[in-house]
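Survey of secondary and tertiary structure
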Amino acid sequence: MSLIEILFLPVGGMLVVGLAMFVVSSLRERERRAAVISLVLLLMAAGIWYGLAVWWPTPDWVRTSVMALMAAMVILWFIPTGPIAVLDGTGANERIDERDTMFAREEYLPDSEKYRQYYSTHPEKKKIDDRWRQLPAILQPGGRFYNPDTARRVKSVFAEIHSMTSQVDGEVRGETHEVEPDRMTPEIKKYVLQLGADEVGVARLNPMFVYSYVGRGPEPWGAPIDNRHSFAIVFSLEMAYQTVRKAPEMPIVEESARQYLRAAQISVNLASYIRNLGYPARAHISDSNYQIILPAVAHDAGLGELGRLGYLISPRFGARIRLGAVTTDLPLVPDRPIAFGVQDFCRRCLKCAVNCPPRAIPEGATTVVRGVRRWQLDVERCFHYWRVVGTDCGLCMKVCPFSHPPTIVHDLVRAGIKRSSLAQTLSVWGDDLMYGRQISRERLDG
Ligand code: SF4
Ligand code: SF4
């Protein structure tokens, strides 16, 4: 038996094992289509490989060529094929007024003083907003996926979060102790993970990512926001994969609410802890005590990249995350933004844009928004669709290829995407093949 013949079988075995791992992983994720397709590929690969080795005598040069092709694919999958495109947030040159956000505008009830004031200075938004105002509010009867039991549970979670808005800030207690940033930073991160966060990072707080005026929440509407903290401790919480798969139906909004509650509990606790160390600290929680643009600050903290869909994409959980943060003057060592191929991959993928029912996600190139080159979500269209379905939708999060769970199989794909344009192209194609390019639009279009 020649060396080529000896090598041929185990190399084929590796391919078969890889496909078998994909079958198992798909079954565990309850991804039926991916499981069936990968099983068919596994049987074909095993049959062809074993047939070439045992049943059909093949010249060595054919086997050598097949193995060389496989080796080339593996190498091309992992070797860098150029610099990784980076999202650069340092050019941000304008603060956002929280009064312009959709959540704030949702609270301007017709005939109220806020409504009159806001639309007298923003007449171009009145027609757009009055259109979605004719639809039932999120979690109210009339939404396409409304379910009274889920709605009741979600409202009680948000009531719980609301009760915490009075605890986000407070007096600094005790003396300010000198701390060494090098020692304090890992300690704080460890504490945040112990409190239940899945990932944590520290950003030097860019003043451009602090809202300019209060738009909602307990503080006076329109008051200037003067948060000059030096750092933001930002963390992410994974949303359950199986629940995200049910988007845009009610379970997605329940999962969002659950994670917002966890984020609020962690950040209120963390802020209180830091104030006990003698340093100012403010928690930023949903419903609504946000003073900062969380995705932008999380990007600075090295937790992920902003994708085409407008959310932060984490290297481990993709878009399936919710964020929480505490801003503070506690001396810390900031992390750096990371890049793992999202900008390049999103250029090729477009799956979120194709599947967004109201076409709120851009299909074209990035544009410069307030000094940062990125994709800009049409928030008005997105929010209008939320009112149609009565939930926070999440379809884009569900279809994003980065949102697959962090298993060996998906991590190998992500490792390729980070470096190689071949891996990016093949992964877009492979994700469409395994999970489908377009989900059924029945019941979704509005
Ligand atoms: S949440 Fe839904 S409507 Fe909004 S951008 Fe994503 S897919 Fe589109
Ligand atoms: S679905 Fe594709 S294009 Fe959209 S954010 Fe995810 S990777 Fe990027």
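Thresholds applied
Position numbers for residues count from 1 along each chain, tracking the sequence in the order it is written. Written order decides the labels, with chains lettered from A and ligands numbered from 1. For this predicted model, a pLDDT threshold of at least 70 governs which residues receive local features, and a threshold of 80 or more governs which side-chain atom pairs are given and counted, while totals over whole chains, interfaces and linings are taken from all residues. Just so you know, side-chain values use all the structure's heavy atoms and leave hydrogens and water out. Numbered from the N terminus, helices here are DSSP runs of H or I no shorter than four residues, and strands are runs of E no shorter than two. Here the radius of gyration uses the C-alpha set of atoms, whereas the globule reference equals 2.2 Å times the residue count to the power 0.38. Type-normalised accessible area, obtained with a 1.4 Å probe on protein chains alone, sets the label of each residue: buried when under 20%, exposed when over 50%, and partly exposed for intermediate values. In this analysis, two residues are considered to be in contact whenever any of their non-hydrogen atoms come within 4.5 Å of each other. Each reported salt bridge corresponds to a side-chain nitrogen of Lys or Arg within 4 Å of a carboxyl oxygen of Asp or Glu. Ring pairs are drawn from Phe, Tyr and Trp, using the six-membered ring of Trp, whenever the two centres fall within 6.5 Å, and their geometry is named by plane angle: stacked under 30 degrees, edge-to-face over 60, tilted for the rest. Using only the protein atoms, space was sampled on a 1 Å grid; points where a 1.4 Å probe fits but cannot get out form cavities, open sets with protein on both sides within 12 Å along at least five of seven lines form pockets, and lining residues are those with an atom within 4 Å of a point. Grid points are joined across faces, edges and corners, and a volume is the space filled by probe spheres set on the points. Gly counts as polar in this scheme, as do all residues outside two lists: the nonpolar Ala, Val, Leu, Ile, Met, Phe, Trp, Tyr, Cys and Pro, and the charged Asp, Glu, Lys and Arg. Whether a residue is near a molecule or strand depends on its heavy atoms: if one lies within 4 Å, it is near.

So, about the overall build of the chain. Helix and strand content of the chain: 17 helices and eight strands. The C-alpha atoms of the chain give 25 Å as radius of gyration, which agrees with the globular expectation for 446 residues (22 Å, within 12%). Referenced to the eigenvectors of the C-alpha coordinate spread, the extents of the chain come out at roughly 85 × 55 × 40 Å. Looking at the chain as a whole, 50% of its 446 residues qualify as buried. Across the chain, the fraction of contacts at a sequence separation of at least 24, relative to all contacts at a separation of at least 6, is 78%.

Let us now look at the pattern of salt bridges. As enumerated under the stated definition, the model contains 25 salt bridges in all. Note that aspartate 149 and arginine 152 form a salt bridge whose closest N and O atoms lie 2.7 Å from each other. With aspartate 149 and arginine 152 both in helix α7 (residues 148-163) and three residues apart, this pair spans about one turn of that helix. Assessed through its relative accessible area of 42%, aspartate 149 is described here as partly exposed.

A word on the packing of aromatic side chains. Tallied over the full model, the rule gives 14 aromatic pairs. Ring plane angle 75° and centroid distance 4.9 Å describe the contact between tryptophan 132 and phenylalanine 383, whose orientation is recorded as edge-to-face. Of the two residues, tryptophan 132 sits in helix α6 (residues 123-133) while phenylalanine 383 sits in helix α14 (residues 379-389), which places them 251 residues apart along the sequence. Taken individually, tryptophan 132 and phenylalanine 383 each receive the classification buried, so the pair is uniform in this respect.

Taken as a whole, the second largest pocket encloses approximately 1600 Å³ of empty space. The set of elements that each furnish at least two residues to the lining of the second largest pocket consists of α1 (3-28), α2 (32-55), α3 (60-78), α16 (408-419) and α17 (421-435). Considering only residue class, the lining of the second largest pocket consists of 31 nonpolar, six polar and two charged.

Here we take up the site of ligand 1. Lining the immediate surroundings of ligand 1 are Cys356, Pro358, Ile361, Leu377, Cys382, Tyr385, Trp386, Cys393, Gly394, Leu395 and Cys396. Among the elements of the structure, α14 and α15 (395-399) are those that each provide at least two residues to the shell around ligand 1. Residue contributions to the shell around ligand 1 peak at three residues, all from α14. Along the lines of polarity and charge, the residues of the shell around ligand 1 split into ten nonpolar, one polar and no charged.

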